[in-house]
Every structure is written in C-alpha cells, then in structure tokens.
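Single-letter residue listing:
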Amino acid sequence: MKAGLLLILLGNAFVGSLYGQNTADETKIKQVIQGFFQAFSDEDIPKLRSYCQADFTLLENGEIWSLDTLEAKLKPNFGKGMRRINTIYFSRIQVKRATAWVAYSNQAAIAMKGRKATIHWLESAVLEKSKGAWKLSMLHSTKLPPKKLDGQP
C-alpha cells in the first residue's frame, strides 16, 4: 500500500516536471502579475517595466498598447492622490517549458478626492521565462460590468 502511494506521488512529480509545471514557477508567476499591478498602484514606471519583456503588448479597451503607450496613459493620473488596492484571483496557470499563460480576475478598489469605485476585469496574461526570470509578454484585459446587488434592476 505504502509502496503504491509512493509510486503514484513520484509518478505525478515526474509527469509534472515533463511539462514544466511546478509550484515554484506558479508562485513566481503570481508574484510578477501582482508586482506589475502594485507598481501601477505605486506610480512606479521603472518597476512596472521591470516585470515586462521589452516587446510587451497590452490589449486594452479594443486597442493595442506598448509599454510606452501604457506609460503615456498612466502618467497624467500620477501625483493626484489616487489610492488603488488590487485584489487578484487566479483561476488557472499553465506552464509549458519557458512559457506560461494565466487566467485571473482583477479587482481594483480606487479612492481619489473623496470618491471611491471598485472596478473588475477578467484578464489573461502570457509570460516568458528568460535567464531564470518570468516576465509579462502580453496582457489582455476585459472590463466587466459592475455587479448589481440583489433586487436592483
């Protein structure tokens, strides 16, 4: 019985390693995505860029953005006292060799000048591993409609 269980565990570890899927990679991938959005919240463009490949592409609101486009869109809002708290719920992480794709929902609680809003997105990301580090290659963001409370039209 114990020998059979050991064989199953070793077999699962071996098969998982064949496809490159392991918890260390998953943890690092989550850290990249969370760090990217934290850098966004911290208004730290160099840090944000550090999580991305040089040819990073963002699909946002039906447009294709580069890192330069993203920076140009973000900078006018910097220094205005905006506070943003990100909550990310990971649905799926798939790793194959040096490429990973991730599906997650992203929620931002935003406060600025006494006003508050919560925005939700469904997002997917593609990451590449180079020199031992995972970096974002592409991010696709779909803004979700606000959730209605029970009984509201």
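The coordinates are above.
The structure displayed is predicted, hence computed values, not measured ones.

Chemist: Sorry, what's going on with the overall build of the protein here?
Modeler: When helices and strands are tallied, the protein shows four helices and six strands. Reading the secondary structure of the protein in the N-to-C direction produces α-α-α-β-β-α-β-β-β-β. Per-residue burial for the protein yields a buried fraction of 31% across its 153 residues. Carbon and sulfur atoms make up 58% of the accessible area of the protein, which amounts to about 10200 Å² in all.

Chemist: Looking at this structure, I do not really get the packing of aromatic side chains. What am I missing?
Modeler: Aromatic rings in a pair are described by how distant their centres are and how their planes are angled relative to each other. Applying the stated rule across the entire model yields three aromatic pairs. Judged by centre distance (5.1 Å) and plane angle (90°), the rings of Phe36 and Phe37 are edge-to-face. Given a relative accessible area of 6%, Phe37 falls into the buried group. Ring-pair connections join several aromatic residues into one group, and the members of that group are Phe36, Phe37 and Phe56.

Chemist: What am I meant to see in the pairing of strand E3 (residues 83-96) here?
Modeler: On any regular strand, side chains alternate: one points to one face of the sheet, the next to the other face. Direction of pairing for E3 relative to strand E4 (residues 99-112): antiparallel, over a ladder of 13 bridges. Counterpart to Tyr89 in the pairing with E4 is Ser105.

Chemist: How should the nonpolar core be read in this particular structure?
Modeler: A general tendency of soluble globular proteins is for nonpolar side chains to be buried together. One finds Ile29, Ile33, Phe36, Phe56, Leu127 and Leu136 to be the most contacted residues of the largest nonpolar core, which totals 28 residues. Of all the elements, helix H2 (residues 23-41) adds the most residues to this core, at seven residues. What Phe56 contacts, discounting residues up to four positions off in sequence, is Phe36, Trp65, Ser66, Leu67, Leu70, Leu136, Ser137, Met138 and Leu139.

Chemist: Is there a simple way to think about the pattern of salt bridges in this case?
Modeler: Opposite charge on two side chains allows them to pair when their charged atoms are near. In total, this model carries four salt bridges according to the counting rule given. When the shortest N-O distance is used, the salt bridge between Arg49 and Asp68 registers 2.6 Å. Highlighted residues: Arg49 in helix H3 (residues 45-50) and Asp68 in helix H4 (residues 67-74), separated in sequence by 19 residues. Note that Arg49 and Glu71 form a salt bridge whose closest N and O atoms lie 2.8 Å from each other. Residue Arg49 is located in helix H3, and its partner Glu71 is located in helix H4; the two are separated by 22 residues in the primary sequence. One connected set of salt bridges, linked through shared partners, spans Arg49, Asp68, Glu71 and Lys75.

Conventions and cut-offs
- Residues numbered from 1 in each chain as written.
- Predicted model: local features only at pLDDT ≥ 70, side-chain atom pairs only at ≥ 80, totals over all residues.
- Heavy atoms only, no water.
- Helix = DSSP H or I, 4+ residues; strand = E, 2+ residues; numbered from the N terminus.
- Buried < 20%, exposed > 50% of the residue type's maximum accessible area, 1.4 Å probe, protein only.
- Areas by Shrake-Rupley, 256 points an atom, 1.4 Å probe, with all protein chains shown as cover.
- Phe/Tyr/Trp six-rings, centres within 6.5 Å; stacked < 30°, edge-to-face > 60°.
- Pairing = 2+ DSSP bridges.
- Core = buried A, V, L, I, M, F, W, Y, C linked by side-chain atoms within 4.5 Å.
- Contact = heavy atoms within 4.5 Å.
- Salt bridge = Lys/Arg side-chain N within 4 Å of Asp/Glu carboxyl O.

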